[in-house]
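Coordinate analysis (summary)
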Amino acid sequence: MQRQQELKQQGVELYVLVAPDSHTIYSEYLPDYLHQQPAVSRLDRLKQEVAKTDLHFTDLRDTLRIAKRSHVVYYQTDTHWNEYGTLVGCATLLKAVKQNRLSLPPVRLSNYRIEKQQRGVSGDLINMLMLQDRYPTDRFCYAIKPVPNYMGRQVSVVLDKETALPSTRFMGAGSDKLLLIGDSFSEGMMQYLAGYFHESYFVRDSKLDRSLVKTEHPAIVVIEIVERNISQLARF
């Protein structure tokens, strides 16, 4: 909460977004012996503690479970959410931001062109299990693009000298500046968020650099982290 207070003193709103693990959303496909899990997860405990504060905290589990009734929201051969799951996560985050930023444009799925494709990609699970020959690709995937009015324009990519991970800057039609610090789940979020802000800077990192906030002067900071790494939030 100290970091939240520091940002608030600078006029910056902080949001925390947790991307659920794939087995959290699709627990019905786990082996029976893995269903013997605690009734209260680490994410549940975190959410209970955050509820005692005024931190903007977005828990996507229920939203994604509803979305999966009509769409696949995670890759079947990968640990990450797919394009549609990413879009659901972004839309939920944007709606949370809009509650405090009324100038944010309306958030609707109709702002995106969604096309279901019959051939997907081969993901990290396949590679870890060495099943490339047996299960080469997902059964299908989605091709999703914002309509022109909500499409951000990428203007630069900077690679970190130590990690070689990219930081990407976009310009858009909105009125605020966004700084998003995230992991690999955030990579697909850029194209869905950038059009809602005047400027967006997406940084792949596991910490929030104070000097970066001072340099960028964002109105909104989002920390995105996958559920299995939520203990790392203590380092932000």
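Remember, predicted model here, so these are calculated numbers, not experimental data. (Residues numbered from 1 in each chain as written. Predicted model: local features only at pLDDT ≥ 70, side-chain atom pairs only at ≥ 80, totals over all residues. Heavy atoms only, no water.)

Comments concerning the overall build of the protein
Our working definition: Put simply, DSSP marks the helices as runs of H or I at least four residues long and the strands as runs of E at least two long, and each gets a number from the N terminus on. Between buried and exposed lies partly exposed: a residue is buried under 20% and exposed over 50% of the maximum accessible area for its type, with that area taken using a 1.4 Å probe on protein chains only. Computed with a 1.4 Å probe, the accessible areas rest on the Shrake-Rupley method; for each residue, only the protein chains presented here act as cover.
Check the secondary structure of the protein and you find 8 helices and 9 strands. The 236 residues of the protein split such that 48% are buried. When the accessible area of the protein is evaluated, it comes to approximately 13,000 Å², of which 51% is carbon and sulfur surface.

Here we look at the packing of aromatic side chains
Basically, it comes down to this: Stacked, edge-to-face and tilted are the three classes for Phe, Tyr and Trp ring pairs, Trp counted by its six-membered ring, which pair at centre distances within 6.5 Å; planes under 30 degrees apart are stacked, over 60 edge-to-face, the rest tilted. For a ring to carry a charge above it, either NZ of a lysine or CZ of an arginine must fall within 6 Å of the ring centroid while also lying within 35 degrees of the normal to the ring plane.
Across all of its chains, the model carries 7 aromatic pairs by this definition. Residues Tyr112 and Tyr192 carry aromatic rings whose centres are separated by 5.7 Å and whose planes lie at 90 degrees to one another, so their mutual orientation is edge-to-face. One end of the pair, Tyr112, is in strand E3 (residues 112-117); the other, Tyr192, is in helix H7 (residues 190-193), with 80 residues separating them in the sequence. The residues Tyr112 and Tyr192 share a single accessibility class, namely buried. Lying over the aromatic face of Tyr201, Arg169 brings its terminal NZ or CZ to 4.0 Å of the ring centre.

Section: the confidence of the model for the protein
Stated precisely, the cut-off is as follows: Per residue, pLDDT captures the predictor's confidence, and it can take any value from 0 to 100.
Mean pLDDT over the protein works out to 88, with 89% of the residues at or above the 70 mark. Summarising per-element confidence for the protein, the mean pLDDT is lowest in helix H6 (residues 124-129) (54) and highest in strand E7 (residues 177-182) (98).

Observations regarding the sheet that holds E7
This is how the line gets drawn: What makes two strands pair is DSSP finding at least two bridges between them. Axis lines are fitted to C-alpha atoms, over the contacting stretch for helices. Their N-to-C directions set the angle, which ranges from 0 to 180 degrees. Throughout, a contact is declared for two residues whenever any of their heavy atoms are within 4.5 Å.
Spatial strand order, E2-E1-E9-E7-E8-E6-E5: 7 strands in an open sheet with mixed pairing. Looking along the sheet, the strands with just one partner apiece sit at the ends: strand E2 (56-59) and strand E5 (153-159). Across the sheet, the axes of successive neighbouring strands diverge by a mean angle of 15 degrees, strand direction being ignored. Taken together, the 4 bridges between E7 and strand E9 (residues 220-226) define a ladder with parallel strand orientation. Counterpart to Leu179 in the pairing with E9 is Val221. Sitting on the sheet, helix H5 (residues 83-98) is in contact with strand E1 (13-19), E2 and E9, with an inclination near 155 degrees to E1.

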